[in-house]
Amino acid sequence: MKIRLEQILEGEEEVILRYRERTKEVEDLIQYLSGRDQGLICRKDGMDVVVKPDAVIYLESVDGGTFVYTEKEVLTTGLSLAVAEERFARDGFFRCSKSMVINVCHVDRLKSESGNRIDAQMGNGEHVMISRRYAKALRRILKGERA
């Protein structure tokens, strides 16, 4: 990828991203350039949409793709779960299993399960299982401690 920098003395700064194919590298650049305040860049019906972190109930990785679940729709994003978890941790994003990140702000109900797992009922009615690997960290967060 070729990078060209140009200093300007006046006018608004802008970034133009030209691409032949919308690869993961291009998606990552879009996410980075959009910044944390902009939210998650998602795809819906072939168009880019910005989803605010507080609207996200959970993200799930399936067959190499990342899906973003809101109250009313399911979108795709080029953002990996690891990046989403890191970038939006302050907004309540929490890794609950190998393939899922939840927004703890959208947890309606928690129920302890066998094997030290937790069943979390989310705001959209879905049940998400918190694996035992992450259950202890979630309990700490809910108590107001650091994970």
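Residues numbered from 1 in each chain as written. Predicted model: local features only at pLDDT ≥ 70, side-chain atom pairs only at ≥ 80, totals over all residues. Heavy atoms only, no water.

So, the overall build of the protein
- When helices and strands are tallied, the protein shows three helices and 10 strands.
- Put simply, the protein runs from its N terminus to its C terminus through helices and strands in the order α-β-β-β-β-β-α-β-β-β-β-β-α.
- Across its three principal directions, the C-alpha atoms of the protein cover 60 × 30 × 25 Å.
- Counting every position in the protein, which comprises 147 residues, the buried fraction comes to 32%.
- A fraction of 37% describes how many contacts in the protein between residues 6 or more apart in sequence connect residues 24 or more apart.
- For the protein, the separation between the mean place of its 25 positive charges and that of its 25 negative charges on side chains is 8 Å. (Helix = DSSP H or I, 4+ residues; strand = E, 2+ residues; numbered from the N terminus. Buried < 20%, exposed > 50% of the residue type's maximum accessible area, 1.4 Å probe, protein only. Contact = heavy atoms within 4.5 Å. Lys, Arg positive; Asp, Glu negative; His and termini not counted. Charge placed at Lys NZ, Arg CZ, Asp CG, Glu CD.)

What to know about the pattern of salt bridges
- The full count for this structure, using the stated rule, is four salt bridges.
- Among the ionic pairs, R43 bridges to D48, the shortest N-O distance being 3.0 Å.
- Across the salt bridge formed by K44 and E73, the nearest N and O atoms sit 2.6 Å from each other. On the criterion of sequence distance, the pair formed by K44 in strand β1 (residues 40-44) and E73 in the loop between β4 (65-69) and β5 (74-77) is long-range, its members being 29 residues apart.
- By relative accessible area, E73 is classed as partly exposed at 30%.
- Overlapping salt bridges bring together R22, R43 and D48 as one network. (Salt bridge = Lys/Arg side-chain N within 4 Å of Asp/Glu carboxyl O.)

What to know about the layout of surface pockets
- What the largest pocket holds in volume is close to 1100 Å³.
- For the largest pocket, the lining is made up of 22 residues, of which K2, I3, R4, I16 and L17 are closest to its centre.
- Class assignment of the residues belonging to the lining of the largest pocket gives a composition of 11 nonpolar, one polar and 10 charged. (1 Å grid on protein atoms, 1.4 Å probe; cavity = no way out; pocket = protein on both sides within 12 Å on 5 of 7 lines; lining within 4 Å. Points joined across faces, edges and corners; volume = space filled by probe spheres on them. Nonpolar A, V, L, I, M, F, W, Y, C, P; charged D, E, K, R; others polar.)

Focus: the confidence of the model for the protein
- When pLDDT is averaged across the protein, the result is 89; 95% of the residues are at 70 or more.
- Within the protein, helix α1 (residues 24-34) has the poorest average pLDDT of any element, 76, and strand β7 (residues 100-103) the best, 97. (pLDDT = per-residue confidence, 0-100.)

As for the environment of E71
- With respect to the secondary-structure elements, E71 resides in the loop between β4 and β5.
- Judged by relative accessible area, E71 falls into the exposed class, the value being 61%.
- Residues E71 and M122, spaced 51 residues apart in sequence, show a C-alpha to C-alpha distance of 9.6 Å.
- Discounting residues that sit within four places of it in the chain, E71 has contacts with A55 and I57.

Focus: unusual backbone geometry
- Residue D63 is not a glycine yet carries a positive backbone phi of 50°.
- Within the secondary structure layout, D63 lies in the loop between β3 (58-62) and β4.
- D63 sits in the exposed class, given a relative accessible area of 82%.
- In this model, N116 sits at a positive phi of 65°, which is unusual for a non-glycine residue.
- Structurally, N116 can be placed in the loop between β8 (107-113) and β9 (117-122).
- Given the relative accessible area of 41%, N116 is considered partly exposed.

Re a negative patch on the surface
- A surface patch of negative charge is lined by E6, E12, E13 and E14.
- Relative to the helices and strands, E6 is located in the segment before α1. (Patch = residues over 30% accessible without salt bridge, like charges linked within 9 Å, V, L, I, M, F, W, Y side chains within 5 Å. Areas by Shrake-Rupley, 256 points an atom, 1.4 Å probe, with all protein chains shown as cover.)

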